[in-house]
Amino acid sequence: MPGAIYAEGLVKTFGDVRALDGVDFDVPEGTVLGLLGPNGAGKTTAVRCLTTLLRPDRGKAIVAGIDVLKNPNEVRRSIGLSGQFAAVDEYLTGRENLQMVGQLYQMKAKDAKVRAGELLEQFNLADAADRPAKTYSGGMRRRLDLAAALVVSPPVMFMDEPTTGLDPRNRQQLWEVIKRLVSGGTTLLLTTQYLEEADHLAHDICVVDHGRVIARGTSDQLKARTGGERVEVVVHEREHIATASEVLQGFGKGETTVEEHTRKLTVPVTGGAKLLAEVIRELDTRGIEIDDIGLRRPTLDDVFISLTGHLAEAEDEENGAGRDAKGRKAKAKQEPVQDKDEAKKEATP
Amino acid sequence: MSVVSDTVRVAQPGSAIGQSVRDSLVVARRNLIRMSRIPEMLIFGLIQPIMFVVLFSYVFGGSMTIAGSNDPGTYREFLMAGIFAQTVTFATAGAGAGIADDMHKGLIDRFRSLPMARGAVLTGRTLADLVQTAFTLVVLAVVALLVGWRTHTSVGEVLGAFGLLLLAGYAFTWIGALIGLSVRTPEAATSGGLIWLFPVTFVSNAFVFTGQMTPWLRHVADWNPFSATVQACRELFGNPGVSQSDAWPMQHPVWASLIYSILIIVIFRTLAVRKYRSATA
């Protein structure tokens, strides 16, 4: 029995660009899958195929138990989509926007009105409810857009980079909303460029690059593959590098790397903050003055480097957004030797 | 707070046509609210035809011979049907720009992910444009009366003429819808919706008497769908300058205008809805 969102061998090409090159995943009911990857990786194309916006060239897609290719209109009754742009009419008020979406989900005008009021309350938009959305801040628009996707409390939700372009405070707020949503039993597919976001919200993560899933697992599993955390130290005096290196080697789980010109030393570790405190004490005991020290956790770039050997190359958000084909094309230009990349991927276990 | 509400129920769909009408009206309402909040668009839409009335009647008025008369008053009566018809066709640009804007802002994606009737987004937009066109026509008719335009027929015939104008305007907004879905930006939709209208409205009987054109040009003008509507209006208003050409649309302008408009709606609605279904922002 497939989960609430199921994809098998999805292929979508735009011209000679394979935006999706055989993507599979299966999201059990009530869980969150994070599609993690840079712009142009095929995340948006995958979402568009599953939300009936785009017809895949090949493959199978089932959402909420309904075949997406055979019964797209049935699927539309069971899903909510919050895209990369806050897709709200800026000349309509928040209330009018939600009412309209409710009615287009085939709710009665009266019910749509009541529901709009409920959502505005829940999303902290009640004060701004009767102002045109044009006057909203970026965070408010995102919240309104998310509210619009939740008008019918659909069992399956799709969010395409829900926090791209938001400041940290608004991002935190949106995360809280998404967590509550999931605790209510909604199945969610979320795309993101941020490992941290996938880490916070997703039960399972698929790392996508060039239209393929190149790794999957929980966030911990992925981080373990990436090599986990590292301690990074910048010493004040160049002559202390050797001693500091000795100290770090004692705590590390691998080779210490040294950048002479920046006086920076890095060593992979396990043990987190507690270990960091020990390192600081030991350096202090040896009389080594430090400019900076920190525990560094793997980022999306680290995941990518370890999985593919190249950087994620996230492009400018505005340019890459919503246009996988274009994003891919731009990327192809930067990397004329795509075959080499493919080879690297194959080589990575 | 609970994000998930138990009170929400999605109604089962009624008849397909019922749903289509209902959804179209919801979208039309949205576009009308929008238009009412951008009054400057409406005002610019009015200034242009009023300017044409004034410019054409006072600049060209004295040098035009219509139905054997070179009295500026005669030209003014002749001209109005042309201005009315040109004004309704210019709604094309508004529809195109609006839909292109919706594409650009991701709204079309949202609509396409909703369980709504497929053609409703476009039908709603064209219906809203129809309301705007009707409003523009009323204002323009008042201006026309002020500069001396008169009708010389029954109320029924005059209303019939306005009916034909609205139908023609509605037909042209479907061309605009297709343009809006085919271009990348609202700006491109505006200019793309306008440029081809200039030859269409000028190679016609709208502003000049076609009898004075070279034969091939006159032939084009006589069969131009736009000319049929202008000719029908002139006839129904009892205004001077009705073409005596043997071309069928000039002999049966009311029928020709009806047939042309319906053909345009059928063809461009089909194309536009098909395009919408595969639209990609």
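Residues numbered from 1 in each chain as written. Chains lettered and ligands numbered in written order. Predicted model: local features only at pLDDT ≥ 70, side-chain atom pairs only at ≥ 80, totals over all residues.

What follows covers the overall build of chain B. Summing up its helical and strand segments, chain B has 13 helices and zero strands in all. The C-alpha atoms of chain B give 21 Å as radius of gyration, which agrees with the globular expectation for 281 residues (19 Å, within 12%). Dimensions of chain B, computed from C-alpha atoms along their principal axes, come out at roughly 75 × 35 × 35 Å. The proportion of buried residues among the 281 residues of chain B is 49%. (Helix = DSSP H or I, 4+ residues; strand = E, 2+ residues; numbered from the N terminus. Rg over C-alpha atoms; globule rule 2.2 N^0.38 Å. Buried ≥ 20, exposed ≤ 12 C-beta atoms within 10 Å, placed from the backbone.)

Check the secondary structure of chain A and you find 14 helices and 14 strands. In chain A, buried positions account for 47% of the 349 residues.

Residue and element names in this part refer to chain A. Read across the sheet, four strands follow the order β12-β13-β11-β14 without closing on themselves; strand pairing throughout is antiparallel. Across the chains shown, the open sheet's two edge strands, defined by having one partner strand only, are β12 (257–259) and β14 (290–296). Averaged over all pairs of adjacent strands, the angle between strand axes in this sheet comes to 15 degrees, irrespective of strand direction. Relative to strand β13 (residues 264–268), β12 is paired through three bridges, and the arrangement is antiparallel. Counterpart to T257 in the pairing with β13 is T266. Taken strand by strand, helix α9 (residues 241–251) contacts β11 (230–235), β12 and β13, and its axis lies near 10 degrees from that of β13. Together, β11 and β14 form the strand contacts of helix α10 (residues 272–285), whose direction differs from that of β14 by roughly 160 degrees. (Pairing = 2+ DSSP bridges. Axes fitted to C-alpha atoms, helices over the stretch in contact; angles between N-to-C directions. Contact = placed C-beta atoms within 7 Å.)

So, on to the confidence of the model for chain A. All names here are of chain A. Within chain A, residue pLDDT values average 83, and 86% of them lie at 70 or more. Element-level mean pLDDT values for chain A span from 36 in helix α12 (residues 317–320) up to 96 in helix α3 (residues 94–104). Confidence drops under pLDDT 50 across residues 314–349; counting only partners more than four residues distant or on other chains, this segment forms 44 contacts. (pLDDT = per-residue confidence, 0-100.)

Attention now goes to the UniProt feature "transmembrane region" (unreviewed entry) in chain B. All names here are of chain B. The sites that carry the UniProt feature "transmembrane region" (unreviewed entry) are, in the present numbering, residues 38–58, 78–100, 121–147, 159–181, 193–213 and 254–272. As annotated, residues 38–58 comprises 95% helix and 0% strand, and the C-alpha atoms at either end are separated by 32 Å. Annotated as residues 78–100, this span is 96% helix and 0% strand, and its ends, taken at the C-alpha atoms, are 36 Å apart. (UniProt positions renumbered as here; feature names shortened; annotations may be inferred.)

Further remarks concern the UniProt feature "domain: ABC transmembrane type-2" (unreviewed entry) in chain B. When the UniProt feature table is mapped to this numbering, "domain: ABC transmembrane type-2" (unreviewed entry) covers residues 40–279 of chain B. Regarding residues 40–279 of chain B, the helix share stands at 75% and the strand share at 0%, and the terminal C-alpha atoms are separated by 29 Å.

Next up on the list: α3 of chain A. The buried count for α3 of chain A comes to 11 of 11 residues, which makes it a mostly enclosed element. Of all the positions in α3 of chain A, only G94, R95, E96, N97, L98, Q99, M100, V101, G102, Q103 and L104 of chain A are classed as buried. Where α3 of chain A is buried, its residues touch α4 (109–122) and α5 (138–149) of chain A together with α1 (16–37) of chain B. One or two positions beyond α3 of chain A, positive phi appears at Q106 of chain A, with a value near 75 degrees.

Residues and elements named next belong to chain A. Structurally, E197 is set in helix α7 (residues 195–201). Distance from E197 to K110, taken between C-alpha atoms, is 37 Å for residues 87 residues apart in sequence. Those residues in contact with E197 that lie beyond four places of it in its chain are T163 and T192.

Next up on the list: the nonpolar core. Formed by 152 residues in total, the largest nonpolar core has its most connected members in L50 and V207 of chain A together with A85 and C233 of chain B. Take this core: its biggest share by element is 14 residues, from helix α7 (residues 155–182) of chain B. Those residues in contact with A85 of chain B, other than ones at most four positions away along the chain, are L165, A168, A206, F226, T229, V230 and C233 of chain B. Judged by nonpolar contacts, the second largest core, of 11 residues, contains V231, V235, L248 and L265 of chain A. (Core = buried A, V, L, I, M, F, W, Y, C linked by C-beta atoms within 7 Å.)

Residue and element names in this part refer to chain A. Positive phi is not limited to glycine here, since T52 has a value of about 70 degrees. Along the chain, T52 falls in the loop between α1 (43–50) and β4 (58–63). Judged by C-beta crowding, with 23 C-beta atoms within 10 Å, T52 ranks as buried. Its identity as a non-glycine residue notwithstanding, S153 has a phi of 45 degrees, on the positive side.

Contacts between the two partners involve 36 residues from chain A and, on the opposite side, 27 residues from chain B. Broken down by element, the residue count for the side of chain A that touches chain B peaks at five residues, all from α3 of chain A. A per-class count over the side of chain A that touches chain B returns 17 nonpolar, 11 polar and eight charged. (Nonpolar A, V, L, I, M, F, W, Y, C, P; charged D, E, K, R; others polar.)

Residue and element names in this part refer to chain A. Reading across from one edge, β6-β7-β8-β3-β9-β10 is the order of the six strands in this open sheet, with mixed pairing throughout. Both outer strands of the open sheet, β6 (79–82) and β10 (212–217), are each paired with one neighbouring strand and no more. Averaged over all pairs of adjacent strands, the angle between their axes in this sheet comes to 15 degrees, without regard to strand direction. The pairing of strand β3 (residues 32–36) with strand β8 (residues 187–192) spans five bridges and is classified as parallel. For L35, the partnering residue across the bridge sits in β8 and is T191.

Residues and elements named next belong to chain B. With 94% of its residues at a pLDDT of 70 or more, chain B has an overall mean of 90. Below pLDDT 50 for its whole length, residues 1–7 participates in 15 contacts with residues either more than four positions away or in separate chains. The complex model carries a pTM of 0.81, and its ipTM stands at 0.88.

A few words now on the packing of α7 of chain B against helix α13 (residues 253–277) of chain B. All names here are of chain B. It is the contact of α7 with α13, at a shortest axis distance of 8 Å, that shows an interaxial angle of 25 degrees. As far as their axial angle goes, α13 and α7 are roughly parallel. Seen along the crossing, α7 lies across α13 with a hand that is left-handed. Across the interface between the two elements, L164, L167, A168, Y170, A171, W174, I175, A177, L178, L181 and S182 from α7 touch V254, S257, S261, I264, I265, F268, R269, L271, A272, K275 and Y276 from α13. (Parallel < 35°, antiparallel > 145°, perpendicular 65-115°, else oblique. Left-handed = near helix turned anticlockwise from the far one by under 90°.)

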